[in-house]
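# Remarks on the overall topology
Here's the letter readout for the chains.
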Amino acid sequence: DTAVSQTPKYLVTQMGNDKSIKCEQNLGHDTMYWYKQDSKKFLKIMFSYNNKELIINETVPNRFSPKSPDKAHLNLHINSLELGDSAVYFCASSQDGSEDSYEQYFGPGTRLTVT
Amino acid sequence: LAKTTQPISMDSYEGQEVNITCSHNNIATNDYITWYQQFPSQGPRFIIQGYKTKVTNEVASLFIPADRKSSTLSLPRVSLSDTAVYYCLVGPYNQGGKLIFGQGTELSVKP
C-alpha cells in the first residue's frame, strides 16, 4: 500500500503537446506538493496545496497548472511542452500543524522526456 | 532561507561510520535543520531533524554545535544500501513546508 503514488512513471512526448501527471496520497495529509528535479539533480518546489487551496506558487511558467480535486489528489497539467520541461517530477505530502510538518513524503517520481 | 554548503561527494567502505557536515552560517533563530536521503530513481526520504545539540533515531544521529552554523549527519556502520545522495535543509519547519534542496552529498559506499 503505497503512501504517495504517481502516474505515469515514465512519460515521453513531443514538443507542443499537453500532458498530465497524477498524484495520490493515502496518508490523510493536508498538504501536497510538486517538485521538479533537473538533470543536475537540483530539486525545486513548484507548487503546494493545503486542503485544495494553493499556498505556494513558485516562479513557474503558467503552462504548468496544478489541480487538486480533493486533499488526497494533486495533479499537474502541462501545456505546450518544451524541451526544457524534461525532468523528473516528484509529488509529496505532509501533515501540517504537527511536530512532523517538516517531514514530507515523496512519491516515486515521473520522468518526463520531451522530444 | 539559509543557504547550505555540503561536500559534493564522499566515499566510504562498508562498516565504517560516515559523517557528512553541512555549513549554514546565516541560519535564523527559528530555523530547523533537516536531512533527507535520496536513492537513485526514488523520491527523497526524511532522515532526521533537529534544532540544537544532538538528535538520534534508528537511522542516524544529528550533531548541532551551540552556534548552529553547521551540523553533522552521522551514519553508523554504513552498508552498500546507504549509497545515496544526502541533502541538508535549513528552514522554519512550519512555514508551508517550503523545502529548499541544495546540491546534496553523493555518498558512495564500497565493499
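Now for a look at the structure at hand.

Turning our eyes to something else, we now look at the interface of chain A and chain B. Between chain A and chain B, the contact holds 23 residues from the first and 22 residues from the second. Summed over both partners, the interface of chain A with chain B comes to about 1,800 Å²; 54% of that surface belongs to carbon and sulfur atoms. Counting across the chain A and chain B interface gives zero salt bridges. Linking chain A with chain B are four residue pairs in polar contact (both at pLDDT 80 or more), by the criterion used here.

Moving on, we get to the state of the cysteines. Simply put, the disulfide is a covalent bond whose two ends are the sulfur atoms of two cysteines. Inspection of the entire model under this criterion finds two disulfides over all chains. Residue A:Cys23 pairs covalently with A:Cys91 via a disulfide, S to S 1.8 Å. Given an S-S torsion of about -75 degrees, the disulfide between A:Cys23 and A:Cys91 has left-handed geometry. Linking A:Cys23 in strand 3 (residues 19-25) with A:Cys91 in strand 9 (residues 87-94), this pair joins segments that are 68 residues apart in sequence. Given the relative accessible area of 2%, A:Cys23 is considered buried. The class of A:Cys91 is buried, set by a relative accessible area of 0%. The side chain of B:Cys22 participates in a disulfide bridge whose partner is B:Cys88; the two sulfur atoms lie 2.2 Å from each other. Measuring the twist about the S-S bond at about -80 degrees, one finds the B:Cys22-B:Cys88 disulfide to be left-handed. Residue B:Cys22 is located in strand 2 (residues 18-23), and its partner B:Cys88 is located in strand 8 (residues 84-91); the two are separated by 66 residues in the primary sequence. Taken as a pair, B:Cys22 and B:Cys88 share a single burial class, namely buried.

Attention now moves to the side chain of A:Ser94. With respect to the helices and strands, the residue A:Ser94 is situated in strand 9. Engagement of the side chain of A:Ser94 in a polar contact is seen with the side chain of A:Tyr33, the distance being 2.6 Å.

All names here are of chain B. Residues Thr105, Leu107 and Val109 point to one face of strand 9 (residues 105-110) and are all buried, whereas Glu106, Ser108 and Lys110, pointing to the other face, are not buried. When strand 1 (residues 9-13) meets strand 9, the two strands line up parallel, connected through five bridges. Following the sheet pairing, serine 12 is matched in strand 9 by valine 109. Taken together, the three bridges between strand 8 and strand 9 define a ladder with antiparallel strand orientation. By the bridge assignment, alanine 84 is partnered in strand 9 with leucine 107.

So, on to the pattern of salt bridges. Residues and elements named next belong to chain A. Within the structure shown, the criterion is met by four salt bridges over all chains. With a shortest N-O distance of 3.0 Å, lysine 71 and aspartate 30 are connected by a salt bridge. Here lysine 71, found in the loop between strand 7 (64-70) and strand 8 (73-78), pairs with aspartate 30, found in the loop between strand 3 and strand 4 (31-37); they are 41 residues apart in sequence, far enough to count as distant. With a relative accessible area of 35%, lysine 71 lands in the partly exposed category. The buried category is assigned to aspartate 30, whose relative accessible area is 17%. In this structure, arginine 63 and aspartate 85 form a salt bridge, with 2.8 Å as the shortest nitrogen-oxygen distance. In this pair, arginine 63 sits in the loop between strand 6 (53-57) and strand 7 while aspartate 85 sits in the loop between strand 8 and strand 9, placing the two residues 22 residues apart along the sequence.

Residue and element names in this part refer to chain B. Pairing in this open sheet of four strands is antiparallel, and the strands run 2-7-6-5 from one edge to the other. Of all strands in the sheet, those bounded by a partner on one side alone are strand 2 and strand 5 (53-56). When strand polarity is set aside, the average angle formed by the axes of neighbouring strands in this sheet is 15 degrees. Both strand 2 and strand 7 (residues 70-75) contribute to a ladder of six bridges, which runs antiparallel. Bridge assignment links valine 18 to a residue of strand 7, and that residue is leucine 75.

All right, on to the packing of aromatic side chains then. Taken as a whole, this structure holds 11 aromatic pairs over all chains when the rule is applied. Relative to B:Tyr36, the ring of A:Phe106 has its centre 6.0 Å away and its plane inclined at 85 degrees; by these criteria the two rings are edge-to-face. Within this pair, whereas A:Phe106 is found in strand 10 (residues 105-106), its partner B:Tyr36 is found in strand 3 (residues 32-38), the two belonging to separate chains. Across the pair, B:Tyr36 and A:Phe106 agree in class, each one buried. Taken together, the aromatic side chains of A:Tyr33, A:Tyr35, A:Phe90, A:Phe106, B:Tyr36, B:Phe46, B:Tyr87 and B:Phe101 make up a single cluster linked through ring pairs. The ring of B:Tyr51 is capped by B:Arg68, whose NZ or CZ atom sits 3.9 Å from the centre of that ring.

The rules behind each value
Residues numbered from 1 in each chain as written. Chains lettered and ligands numbered in written order. Predicted model: local features only at pLDDT ≥ 70, side-chain atom pairs only at ≥ 80, totals over all residues. Heavy atoms only, no water. Contact = heavy atoms within 4.5 Å. Buried area = accessible area lost by both parts, 1.4 Å probe. Salt bridge = Lys/Arg side-chain N within 4 Å of Asp/Glu carboxyl O. Polar contact = N/O pair within 3.5 Å; in protein donor to acceptor, adjacent residues only side chain to side chain. Disulfide = S-S within 2.5 Å. Helix = DSSP H or I, 4+ residues; strand = E, 2+ residues; numbered from the N terminus. Buried < 20%, exposed > 50% of the residue type's maximum accessible area, 1.4 Å probe, protein only. Pairing = 2+ DSSP bridges. Axes fitted to C-alpha atoms, helices over the stretch in contact; angles between N-to-C directions. Phe/Tyr/Trp six-rings, centres within 6.5 Å; stacked < 30°, edge-to-face > 60°. Lys NZ or Arg CZ within 6 Å of the ring centre and 35° of its normal.

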